[in-house]
Amino acid sequence: MTHGAETGPHDADQGPAEDSPDPVDPVRERNSRRGGLLSWLREIALILVISIVLSFVIKTFFFKAFYIPSESMVPTLEENDRIFVNLMVPRNFALQRGDVVVFKDTKGWLPPSNDGAQNWFQKTLEFIGLLPDTSQQYLVKRLIGLPGDHVVCCDAQQRITVNGVALVEPYVNPAEVPRPVPFDVVVPAGDVWVMGDNRNHSSDSRFHNAAQPGNGFIDEKDIEGQAVVIAWPLNRLGTLSNYSSTFSSIPAPH
């Protein structure tokens, strides 16, 4: 009888040996953590750069933020409001009567600027569009007369008329009866006539139409854009109307 090979006691232990875990390499682990941190920092830096570039492009070509320092446009705009201005008006789209416009003060309506009080960091953030413009170089008013319009104050009911049509102005501050300031002007080509909604507290075209540059008119080229949104404070968040129905019946100027 042929017997099979005997199995020795050592055969039961034969088979694939289990690999023992590699010892932890502290240098490799430290380098791995450092690489992960650097990768995270690079991503953060890239996000910041993209945000700054986008903010600058938006501020330069589309929308710009401004700070309201006075009460001249109450109740439409309150002091300390932050607004967004559509820069495509009048660059790409025509101005309309009733638009709330922000314009650069090239006529000397404002007192000397105190922009020097801002530090370089604030100025940098304003330049790239991450902070609203708080400089004292701009004003905000409502556009009442376009080039060629005949604007008069006032008719028998103390109303402003444009091309012979009396305006019913729901945007004017209802808390006070506007004091009549007589004027009779025809807006020159390339200019506009502007007035504040808070008529008794607005140094606008009415008060700069004698012996001053521009005679109260604002150059269209000085208009930065149309104010369209109140962005801050949040309890005043909303869009700004140009009250097109107020001006819809005004005929074209002669």
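In case you missed it, the structure is sitting above this.
Trainee: I keep staring at the nonpolar core and nothing clicks. Help me out?
Mentor: Among soluble globular proteins, nonpolar side chains are generally buried collectively. Counting 16 residues, the largest nonpolar core has Ile144, Val151, Ile160, Leu167, Phe183 and Trp193 as its most contacted members. Broken down by secondary-structure element, the contributors of at least two residues to this core are strand S5 (150-153), strand S6 (160-162), strand S8 (183-186) and strand S9 (191-195). The next biggest cluster of nonpolar side chains, apart from the first, holds 14 residues, and it includes Ile68, Leu87, Ala227 and Ile230.

Trainee: What am I meant to see in the packing of aromatic side chains here?
Mentor: Geometrically, a pair of aromatic rings is defined through the distance of the ring centres and the angle of the planes. With the rule as written, the count across this model stands at six aromatic pairs. Where Tyr171 meets Phe247, the ring centres are 6.4 Å apart and the plane angle is 5°; that geometry is what we call stacked. Remark: Phe247 occurs in helix H4 (residues 244-247) and Tyr171 occurs in the loop between strand S7 (165-166) and S8; sequence separation between them is 76 residues. Residues Tyr171 and Phe247 agree in their burial class; the two are buried. Pairwise contacts between aromatic rings join Tyr171, Tyr243 and Phe247 into one cluster. We note Lys104 situated over the ring of Tyr138; from NZ or CZ to the ring centre the distance is 5.1 Å. The lysine or arginine in question, Arg142, covers the ring of Tyr171, its NZ or CZ lying 4.3 Å from the ring centre.

Trainee: Would you take a moment to explain the environment of Ser72 for this structure?
Mentor: As for its position among the elements, Ser72 is in the loop between strand S1 (63-67) and strand S2 (82-86). The sequence separation of Ser72 and Gly196 amounts to 124 residues, and the corresponding C-alpha distance is 5.5 Å. Excluding residues that lie within four positions of it along the chain, Ser72 makes contacts with Val140, Lys141, Gly196, Asp197, Asn198, His201 and Ser202. A distance of 3.2 Å separates the side chain of Ser72 from the side chain of Lys141, its partner in a polar contact.

Trainee: What am I meant to see in the pairing of strand S11 (residues 223-232) here?
Mentor: Remark: a regular strand shows side chains that alternate across the two faces of the sheet. By the criterion of burial, S11 is predominantly enclosed, with seven of the ten residues buried. Where S2 and S11 come together, five bridges link them in antiparallel fashion. Across the sheet, residue Phe84 finds its bridge partner in S11, namely Val229. Both strand S3 (residues 100-104) and S11 contribute to a ladder of three bridges, which runs antiparallel.

Trainee: Which parts of the structure should I look at to understand the sheet that holds S8?
Mentor: Across a sheet, paired strands are connected by hydrogen bonds in the backbone, their directions being either parallel or antiparallel. The four strands are arranged S7-S6-S5-S8 in an open sheet whose pairing can be described as antiparallel. On the outer flanks of this sheet lie S7 and S8, each paired with one strand and no other. Here three bridges tie S5 to S6, and the two strands are oriented antiparallel to one another. If you follow Val152 over to S6, its bridge partner there is Thr161.

What counts, and where the lines are drawn
- Residues numbered from 1 in each chain as written.
- Predicted model: local features only at pLDDT ≥ 70, side-chain atom pairs only at ≥ 80, totals over all residues.
- Heavy atoms only, no water.
- Core = buried A, V, L, I, M, F, W, Y, C linked by side-chain atoms within 4.5 Å.
- Buried < 20%, exposed > 50% of the residue type's maximum accessible area, 1.4 Å probe, protein only.
- Helix = DSSP H or I, 4+ residues; strand = E, 2+ residues; numbered from the N terminus.
- Phe/Tyr/Trp six-rings, centres within 6.5 Å; stacked < 30°, edge-to-face > 60°.
- Lys NZ or Arg CZ within 6 Å of the ring centre and 35° of its normal.
- Contact = heavy atoms within 4.5 Å.
- Polar contact = N/O pair within 3.5 Å; in protein donor to acceptor, adjacent residues only side chain to side chain.
- Pairing = 2+ DSSP bridges.

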